[in-house]
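# Remarks on the overall topology
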Amino acid sequence: MSAQREFARRIRVGVIGVGGHSYRNVLPALHHLPVRLVALCDRDESLLARTAPEYGVTATFTDAAKMYAETDVEAVLVVVGERHHPDLAIEAMRHGRHVWMEKPPAVYLRDVRRMLDARGGLTCAVGFKKAFMPATRKAVELVGDPEFGPVRSVVAIYPMTIPEEGMAALESPKRWLAWLANGCHPLSVMLEVAGPVESVTTLPG
């Protein structure tokens with residue numbers, strides 16, 4: 001596994017969101033990427049004060065626009081709730097910064113389209129980690145072999161609970177929807193292995 005000092009060129013990055021998921025999973029992983037963490041941004045000043053010294057970061061912000069104005073970050077990692085991804089990503093890209101965000105990219109397709117419209121020539125990536133795990137990469141290799149033949153269907157078993165109110169649950173601004181956040185895992189694997197989808201069938205348990 002690589003580490004930062006092994007890369008000749010490191011991208012200057014800022015992280016937006018230093019909550020529990022960011023602190024336990026994303027920030028520690030930066031040690032293995034070709035990046036230099038130069039700024040942290042979060043609405044909670046107390047979290048910033050407790051987190052920044054651990055990573056040797058002196059530039060902390062409660063407003064992303066101020067971070068773009070006062071630092072030379074080339075890219076940002078957005079690690080907040082999916083409802084905030086579109087606006088934060090679009091703001092970053094309008095300031096000429098590349099974006100990586102956690103999955104899912106948004107709650108609604110219309111917001112994904114807004115991000116695509118704002119992207120221009122910048123990179124905007126989403127952390128669909130299951131699409132890049134070793135087992136998935138091996139599956140992609142196998143189906144890419146001409147002797148394998150075309151993929152005609154894919155089945156994924158991924159048990160989860162969908163709220164009784166269905167799509168109406170999306171309208172709650174403060175509700176975290178596990179089925180939305182985690183349901184993208186099997187879909188990202190199927191897309192990576194088999195390509196564009198013609199139809200999707202879900203079976204209630």
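Residues numbered from 1 in each chain as written. Predicted model: local features only at pLDDT ≥ 70, side-chain atom pairs only at ≥ 80, totals over all residues. Heavy atoms only, no water.

### Here's the deal with unusual backbone geometry
Convention followed: Helix and strand definitions here come from DSSP, where helices need a minimum of 4 consecutive H or I residues and strands a minimum of 2 consecutive E residues; each element is numbered from the N-terminal end.
Here the amide bond leading from Lys103 into Pro104 is cis, since omega sits at -15 degrees, within 30 degrees of zero. Position of Pro104 relative to the elements: it lies in the loop between strand 5 (98-101) and helix 5 (109-119).

### Some points on the packing of aromatic side chains
The condition is simple: By convention, a stacked pair of Phe, Tyr or Trp rings (six-membered ring in the case of Trp) has centres within 6.5 Å and planes under 30 degrees apart, an edge-to-face pair has planes over 60 apart, and any other such pair is tilted. A ring is scored as having a charge over it whenever the NZ atom of a lysine or the CZ atom of an arginine sits within 6 Å of its centre and within 35 degrees of its normal.
Evaluation of the coordinates by the stated rule reveals 0 aromatic pairs. Over the ring of Tyr108 we find Arg110; its NZ or CZ atom is 4.1 Å from the centre of that ring.

### Examining helix 1 (residues 20-29)
The line we're drawing: Classification of residues uses two cut-offs on accessible area relative to the type maximum, computed with a 1.4 Å probe and protein chains only: under 20% is buried, over 50% is exposed, and between them is partly exposed. Here the arc refers to the directions that run from the helix axis out to each C-beta atom. Residues are treated as being in contact if the distance between any of their heavy atoms lies within 4.5 Å.
Every buried residue of helix 1 is accounted for by Ser22, Val26 and Leu27. Along the axis of helix 1, the buried positions cluster into a sector of 90 degrees, meaning they face one direction only. For helix 1, the secondary structure elements touched by its buried residues are strand 1 (11-16), strand 2 (35-41), helix 2 (45-51), strand 4 (75-78) and strand 5.

### Considerations on the pairing of strand 5
Rule in force here: A clockwise path from the first strand over the helix to the second, with the strands pointing away from the viewer, defines a right-handed crossover. The criterion for strand pairing is that DSSP finds at least two bridges linking the strands in question.
Side chains Val99 and Met101 project from strand 5 onto a buried face, and the interleaved His98 and Trp100 project onto a face without burial. Assessed by its sense of winding, the connection that carries the chain from strand 4 through helix 4 (residues 85-94) to strand 5 is right-handed. In this sheet, strand 6 (residues 124-126) lies alongside strand 5 in parallel orientation, the contact comprising 3 bridges. When the bridges of strand 6 are listed, Trp100 appears paired with Ala125.

### Overview of the side chain of Lys103
So the rule is basically this: For this count, His and the chain ends are skipped, Lys and Arg are scored as positive, and Asp and Glu as negative. What makes a salt bridge here is a side-chain nitrogen of Lys or Arg within 4 Å of a carboxyl oxygen of Asp or Glu, nothing more. Polar contacts, as used here, are pairs of N or O atoms within 3.5 Å; protein pairs need one atom able to donate a hydrogen and one able to accept it. Residues neighboring in sequence count only if both atoms are side-chain atoms.
Relative to the assigned elements, Lys103 resides in the loop between strand 5 and helix 5. Although Lys103 is buried, it forms no salt bridge, and the closest oppositely charged side chain is Glu102 at an N-O distance of 5.2 Å. One polar contact links the side chain of Lys103 to the main-chain carbonyl oxygen of Ala181, over a distance of 3.1 Å. A polar side-chain atom of Lys103 sits 3.3 Å from a polar atom in the side chain of Asn182. Other than its neighbours up to four places away in sequence, Lys103 contacts His85, Val126, Gly127, Phe128, Ala181, Asn182, Cys184 and His185.

Shape descriptors only; they carry no functional weight alone.
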